[in-house]
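A look at the structure
Residue strings, one per chain:
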Number of protein chains: 2
Amino acid sequence: MKFSCQKNILQEAISIVQKAVTGKSTMPILQGILINAKDDTLTLIGSDIDLSIETKTNVDIEENGSIVVDARLFGEIIRKLPNAAVEVKTTENNCIEIVCSKSKFTLVHLQSEDYPKLPEINEDKIFTINQKTLKSMIKGTIFAIAQDETRPILTGVLFEIKNKKLNLVAIDGYRLALKSDFVDNEDVISAVIPGKTLNEVIKILEDDGDVNITFSNNHMLINLGSTKIISRLLEGEFIKYNSIIPEEFNLNVTAKREELLEAIERASLVAKDGNTNLIKLNIEEELMVITSNSQLGNVREEINIILQGQPLQIAFNSKYLIDVLKIMDQEEIVMEFSSSISPCIMKNKENDNCIYLVLPVRLANE
Amino acid sequence: MKFSCQKNILQEAISIVQKAVTGKSTMPILQGILINAKDDTLTLIGSDIDLSIETKTNVDIEENGSIVVDARLFGEIIRKLPNAAVEVKTTENNCIEIVCSKSKFTLVHLQSEDYPKLPEINEDKIFTINQKTLKSMIKGTIFAIAQDETRPILTGVLFEIKNKKLNLVAIDGYRLALKSDFVDNEDVISAVIPGKTLNEVIKILEDDGDVNITFSNNHMLINLGSTKIISRLLEGEFIKYNSIIPEEFNLNVTAKREELLEAIERASLVAKDGNTNLIKLNIEEELMVITSNSQLGNVREEINIILQGQPLQIAFNSKYLIDVLKIMDQEEIVMEFSSSISPCIMKNKENDNCIYLVLPVRLANE
């Protein structure tokens, strides 16, 4: 194998595939990246089995071949090289030589035959989505996945296509996040993607252009053109989330999102004691009063709201409300309530592309 | 006590004194900051005994008084308040009330009588130095203090005034850092300041203006005008550093600092194996060849130099050279050597305000 290219082109390709190299796999070869030089295309692959990333780039290839080299070390070397042409070639004794300007490195490499094959996915049935939209949908739901492994299926995000609509859903037992967008696809799909691979996916997605997505029985393939991301699916049945979201309510509140967020953040400063984060909302005619108290002290916050329905007192773990208010991006939001022990629904006032559900905390004296 | 001021003025004052509140003291009251309102001046004090910071600011005071309040909680509350006027007053039951716009906090406070008194330092004998110069001198030496406590005096930086010159010196047994500047002071002073307090001092020093410094038997006082920083001194005798710095040498090398730094950083990438960081310098007529090898692979780097004297081979822990080359700021540097087992001296080519000394690694086959 022998190829040469500009340092920054190689660096960019490495940084993409490195996102799949977690160092947590039990297979030592997965600490490496596969480099394959063929004709005029250099292909790099990084993988931890759950997530695999392949990227292709055009470079000058003098001799075809493929090797596996330590991802961290190779990445650091290329990153530290001066901005100039880099030549990489295999030499004797299972080594590669990296030459750039006045620097010459010799590194031991592993055999590409030992590197696991990527799953083959038939890209017959794709659907296309804007990268920025997909990124925003993932970010808008992933915070609500379960952090513990007691129900593994809840550590992922449901991708559901139904009635030409893509829904992303995450549930952790205390809250639900749902983001939706229209897609030009008649299929019915339901697949759950591990949260940890989606965390890497959002780092690769750009703000421009589209991606093609394909689901196979066990994998999702996100095709960005020169880069392909393949994630394993989680096995099992996802919660029937539609039955959780209440369709009726007794009161609804319209509030300014940032004002509400800041008031709740301040109120929760004294609520951190004992990690309960307990805050109380006192919803009145034109006013929401937010209070909290602990042995540190107490706080009272007021914000102006528009209330439709009867006044209500209800308590929450402030963290859950803060997470939602931070991820929402419209100026005004609507909160829907039925009683002090029923879930609260949060939506944008203007745009119905998301639904958030948060369970209240039942107070001891009720 | 009752005062009011703009939120950002109070926030700034808190953030200054908070740097002395480390939470590591065994005295619970030192997790608080002392707030004293008198006439038209609000005084805030934070301390962990080793380091104390006092800052004064003009505010509207309706009622004199002083209290102690939890530094972290009070700081977070003020930071999260909207940009508006804040009113702080004591209320019943050892509480303070903080009111800003539609927010109202009530916090428990501690008694100011229980807060330790700041050491009294007579500011008769001061010397004046530019803040930016002092910051650069501290940064240019503090990296070389000892990290372990086997010789406590070496965990500090020596401040020495002699012949109208201020020298800052740090030594950790493998290297020495010395930065000097002229001061208008005839005194002879020798005091060792703990590294951990200097780390906070450089966060407070600005890029403009002067500070007045006073030494007492046990303390150093840095007076910035509205803010005073008081650090304890370390007890004991500092190493006679002058006897360590060789005055003669057999060869000297002039090199471009960044070129040398980048070559050594790359060379050390394969040297990290086993944490020895061992690199070899092969100093020839117009060339320095830097090599390193480990079971990961090997590297050869070349840079152009000007050599006066005989060629030499010498080995180093690359970390020590990198630390020095990163902190130096001139374009060209000079390295002076006597033999492969004698210390290396590094200086600026153009400016003699610093001297760095690094011990070489003796190779097994010598």
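Residues numbered from 1 in each chain as written. Chains lettered and ligands numbered in written order. Predicted model: local features only at pLDDT ≥ 70, side-chain atom pairs only at ≥ 80, totals over all residues. Heavy atoms only, no water.

A closer look at the side chain of Asp48(B)
Residue and element names in this part refer to chain B. Checked against the element boundaries, Asp48 lands in the loop between β3 (41–47) and β4 (51–58). The buried charged residue Asp48 lacks any salt bridge partner; its closest oppositely charged side chain belongs to Lys196, at an N-O distance of 4.1 Å. Excluding anything up to four places from it in sequence, Asp48 contacts Ala20, Thr22, Leu30 and Lys196. (Helix = DSSP H or I, 4+ residues; strand = E, 2+ residues; numbered from the N terminus. Buried < 20%, exposed > 50% of the residue type's maximum accessible area, 1.4 Å probe, protein only. Lys, Arg positive; Asp, Glu negative; His and termini not counted. Salt bridge = Lys/Arg side-chain N within 4 Å of Asp/Glu carboxyl O. Contact = heavy atoms within 4.5 Å.)

Quick notes on the sheet that holds strand β7 (residues 85–91) of chain B
Hydrogen bonding along the main chain pairs the strands of a sheet, whether they run parallel or antiparallel. An order of β24(A)-β20(A)-β21(A)-β22(A)-β9(B)-β8(B)-β7(B)-β1(B)-β5(B) is seen for the 9 strands of this open sheet, with the pairing classed as antiparallel. On the outer flanks of this sheet lie β24 (312–317) of chain A together with β5 (60–63) of chain B, each paired with one strand and no other. Ignoring which end each strand starts from, the neighbouring axes of this sheet average 15° apart. Bridging between strand β8 (residues 95–100) of chain B and strand β9 (residues 103–108) of chain B involves 6 bridges; their strand directions are antiparallel. In the strand pairing of β9(B), Cys95(B) is matched with Val108(B). Along the sheet face, helix α5 (residues 257–269) of chain A touches β20 (278–283), β21 (287–294) and β22 (297–304) of chain A together with β9 of chain B and points at about 170° away from the line of β22(A). Across the sheet, helix α6 (residues 318–327) of chain A lies against β20 and β24 of chain A, angled at about 85° from β24(A), the strand it touches most. (Pairing = 2+ DSSP bridges. Axes fitted to C-alpha atoms, helices over the stretch in contact; angles between N-to-C directions.)

Overview of the sheet that holds strand β20 (residues 278–283) of chain B
Strand order in this open sheet of 9 strands is β5(A)-β1(A)-β7(A)-β8(A)-β9(A)-β22(B)-β21(B)-β20(B)-β24(B), and the pairing throughout is antiparallel. With one partner strand each, in any of the chains shown, β5 (60–63) of chain A together with β24 (312–317) of chain B form the two edges of the open sheet. Across the sheet, the mean angle separating the axes of adjacent strands is 15° when strand polarity is ignored. As defined by bridge partners, strand β7 (residues 85–91) of chain A adjoins strand β8 (residues 95–100) of chain A across 5 bridges and the pair is classed as antiparallel.

Overview of the interface of chain B and chain A
Each partner contributes to the interface: chain B provides 27 residues, whereas chain A provides 27 residues. For the chain B face of the interface with chain A, the top three residues by lost area are Lys102(B), Arg266(B) and Leu269(B), together amounting to 25%. There are 2 salt bridges connecting chain B and chain A. Here Lys80(A) ties to Glu265(B) by a salt bridge, and the two come within 3.4 Å at their closest N and O atoms. Counting across the chain B and chain A interface gives 16 residue pairs in polar contact (both at pLDDT 80 or more). Within the residue set of the side of chain B that touches chain A, elements represented by two or more residues are α2 (71–80), β9, α5 (257–267) and β22 (297–304) of chain B. Per-element accounting of the side of chain B that touches chain A gives the leading share, 7 residues, to β22(B). Both strand β9 (residues 103–108) of chain A and β22(B) contribute to a ladder of 5 bridges, which runs antiparallel. Opposite Lys104(A), over in β22(B), you have Arg300(B) as the bridge partner. (Buried area = accessible area lost by both parts, 1.4 Å probe. Polar contact = N/O pair within 3.5 Å; in protein donor to acceptor, adjacent residues only side chain to side chain.)

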